[in-house]
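# Chain and residue survey
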Amino acid sequence: MRFEDWEPHYTAILEYFGFEREADEEAARVLAELAGGRDDIALLEALIGGRNVTVCGNAPSLPAELDRIEGTVLAADAAAEVLAGHGVRPDAVFTDLDGATDIFIDLSRRGTVMVVHAHGDNVPLLRHWVPRILGPLVATTQAAPIPGVHNFGGFTDGDRAVFAARELGAADVRIIGFDLADRDVDPLKRGKLYWAGELLRMMGYDL
Ligand SMILES: Nc1ncnc2c1ncn2[C@@H]1O[C@H](COP(=O)(O)OP(=O)(O)OP(=O)(O)O)[C@@H](O)[C@H]1O
Ligand SMILES: Nc1nc2c(c(=O)[nH]1)N=C(CO)CN2
Ligand SMILES: [Mg+2]
């Protein structure tokens, strides 16, 4: 998605949460510096382009839906840990690192692409984790893209994975582990799930 098509949604999200665009832009610059020129977008594209893709959200329903996995597996943040616990190594993990554990480092070592998202509220996490990610790395932002830092569209880890899969030419993108009406979450997370729903409906999902 071109940034000018994403920007109206981004502006509405900034306003809804009171997040600062300048803080997101600064975080993108920090991530670019930490990445130090590493950009495995070609590998991510090869995993997704022309393939059937399954995006795994981290709703409590995920373990019961694992039998629906088909093709390339994209995990939304801590869903990666659930998948790994069931013997599934995701091809890529979309993460703003608030769900990161040493399991991510292990997955990275085994070849999983880490698609790391910078935003105004995760700079300390970027500084902690990015130097430890030794495998394939793709950097993303929700603000304007800069060299080495991509914006495929989307906001939460889960819907960003769907936007990326579409942008990189997936043949089909199915989603599992999404329960956007989950009431068992704090108010901020409820707001984020609301936006995930808005954006996924915009992409044609009936949630
Ligand atoms: N009921 C749910 N609870 C949590 N995540 C969900 C749920 N349904 C769908 N998801 C998707 O799974 C993603 C990963 O979930 P995780 O629990 O790791 O949350 P998170 O890392 O806090 O998400 P984010 O950083 O995007 O807020 C979310 O970003 C969201 O897109
Ligand atoms: N500034 C900011 N941006 C975000 C945030 C967040 O907490 N702060 N959380 C996200 C996904 O959870 C995505 N983007
Ligand atoms: Mg996260």
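In this text, all values refer to a predicted model and were calculated from it rather than measured experimentally. The residue numbers shown here count from 1 along each chain, following its written sequence. Chain labels run from A onward and ligand labels from 1 onward, assigned in the order the entries are written. Two thresholds apply to this predicted model, a pLDDT of at least 70 for residue-level local features and 80 or more for giving and counting side-chain atom pairs, whereas whole-chain, interface and lining totals are computed over all residues. Processing note: side-chain calculations cover all non-hydrogen atoms of the structure and skip hydrogens and water entirely.

### Considering the overall build of the protein chain
The helix count covers DSSP runs of H or I at least four residues long, the strand count covers runs of E at least two residues long, and both are numbered beginning at the N terminus. Counting its secondary structure elements, the protein chain contains nine helices and seven strands. Radius of gyration means the value over C-alpha atoms here, while the globule rule gives 2.2 Å times the residue count to the 0.38 power. Its C-alpha radius of gyration of 15 Å places the protein chain within 12% of the 17 Å reference for a compact globule of 207 residues. The principal-axis extents of the C-alpha atoms in the protein chain amount to approximately 40 × 35 × 30 Å. Burial analysis of the protein chain (207 residues in total) assigns 51% to the buried set. For the protein chain, long-range pairs separated by at least 24 residues make up 58% of all intrachain contacts whose partners lie at least 6 apart in sequence. Accessible surface for the protein chain amounts to roughly 9,200 Å². Of this, 50% is attributable to carbon and sulfur atoms. When charges are counted, neither His nor the chain ends are considered; positive counts come from Lys and Arg and negative counts from Asp and Glu. Lysine's charge is taken at NZ, arginine's at CZ, aspartate's at CG and glutamate's at CD. Of the charged side chains in the protein chain, 19 are positive and 34 negative; the average position of the first set lies 3 Å away from that of the second. Burial classes: relative accessible area under 20% of the type maximum marks a residue as buried, over 50% as exposed, and values in between as partly exposed (1.4 Å probe, protein chains only). A contact between two residues is defined here by any heavy atoms of the two lying within 4.5 Å. Note on areas: Shrake-Rupley with a 1.4 Å probe; residue coverage comes only from the protein chains shown.

### Considerations on the site of ligand 2
We call a residue near a molecule or strand whenever a single non-hydrogen atom of that residue lies within 4 Å of it. Near ligand 2, the surroundings consist of F19, D24, D96, H119, G120, D121, Q142, F155 and K192. Within the contact set of ligand 2, a nitrogen atom lies 3.3 Å away from a side-chain nitrogen or oxygen of D24. Pairs of N or O atoms within 3.5 Å make up the polar contacts considered here, provided that, within protein, one atom can donate a hydrogen while the other can accept it, and that residues adjacent in sequence are counted only when both atoms are side-chain atoms. In this structure, a nitrogen atom belonging to ligand 2 sits 2.8 Å away from a side-chain N or O atom of Q142. Considered on its own, ligand 2 offers 340 Å² of accessible surface; in the complex 93% of this is hidden by protein. Residues that form the shell around ligand 2 fall into these classes: two nonpolar, three polar and four charged. When residue character is reported, Ala, Val, Leu, Ile, Met, Phe, Trp, Tyr, Cys and Pro are called nonpolar, Asp, Glu, Lys and Arg charged, and the others, Gly included, polar.

### Remarks on the coordination of the magnesium ion (ligand 3)
Donors, by definition, are the N, O and S atoms found within 2.8 Å of a metal, the threshold being 3.2 Å for Na, K and Ca, and water is not counted, so a site can look incomplete. In the first shell of the magnesium ion (ligand 3), the protein supplies D77 (OD), D96 (OD), D98 (OD) and D157 (OD), at 2.0 to 2.1 Å from the metal. Around the magnesium ion (ligand 3) sit six donor atoms, and with donor-metal-donor angles ranging over 71 to 171 degrees the site reads as octahedral. Since its relative accessible area comes to 8%, D96 is described here as buried. Only four donors with every angle between 85 and 135 degrees are called tetrahedral; only four or six donors with opposite donors over 155 degrees apart and all others between 65 and 115 are called square planar or octahedral, in that order; all others are irregular.

### A closer look at the UniProt feature "domain: 6-hydroxymethylpterin diphosphokinase MptE-like" (unreviewed entry) in the protein chain
UniProt positions are given in the numbering used here, feature names are shortened, and annotations may be inferred rather than shown by experiment. Under the UniProt annotation, "domain: 6-hydroxymethylpterin diphosphokinase MptE-like" (unreviewed entry) lies at residues 46-183. Across residues 46-183, the secondary structure splits into 29% helix and 23% strand, with the terminal C-alpha atoms separated by 37 Å.

### Here we look at the site of ligand 1
In the region of ligand 1, 20 residues are neighbours, and N58, D77, D98, T156 and K189 sit closest. Between ligand 1 and the protein, one listed contact pairs an oxygen atom with a side-chain N or O atom of D96 at 2.9 Å. D179 is positioned such that a nitrogen or oxygen atom in its backbone is 3.0 Å from a nitrogen atom of ligand 1. Relative to its unbound accessible area of 570 Å², ligand 1 is 90% covered by the protein chains. Looking at the shell around ligand 1, the elements with two or more residues in it are α8 (157-167) and α9 (187-202). Classifying every residue of the shell around ligand 1 by side-chain character gives six nonpolar, five polar and nine charged.

### Some details on the nonpolar core
In this structure, L44, I48, V53, V55, L74, F94 and V173 are the most contacted members of the largest nonpolar core, which totals 40 residues. Elements that contribute at least two residues to this core include exactly α1 (3-17), α3 (41-48), β1 (52-56), β3 (92-95), β4 (113-118), α8, β7 (172-176) and α9. In this view, V173 contacts V53, V55, V162, A165, R166 and Y205; residues no more than four positions away in its chain are not counted. We define a nonpolar core as any set of buried Ala, Val, Leu, Ile, Met, Phe, Trp, Tyr and Cys residues linked to one another through side-chain atoms lying within 4.5 Å. Membership of the second largest hydrophobic core comes to 31 residues, among which are A80, M114, V116 and V130.

### Section: the pattern of salt bridges
When a carboxyl oxygen of Asp or Glu lies within 4 Å of a side-chain nitrogen of Lys or Arg, that pair is called a salt bridge. For the coordinates displayed, the defined rule picks out ten salt bridges. One salt bridge in this structure joins R174 and E70, with 2.9 Å as the shortest N-O distance. Of this pair, R174 sits in strand β7 while E70 sits in the loop between α4 (62-65) and β2 (72-76); the two residues are 104 residues apart in sequence, bridging distant segments of the chain. A relative accessible area of 25% means that R174 is categorised as partly exposed. Taking relative accessible area as the criterion, E70 reaches 34% and is therefore assigned partly exposed. Here D157 and R160 are joined by a salt bridge, their closest N and O atoms 2.7 Å apart. Of this pair, D157 and R160 both sit in helix α8, three residues apart, roughly one helical turn. On the accessibility criterion, D157 (12% relative accessible area) is buried.

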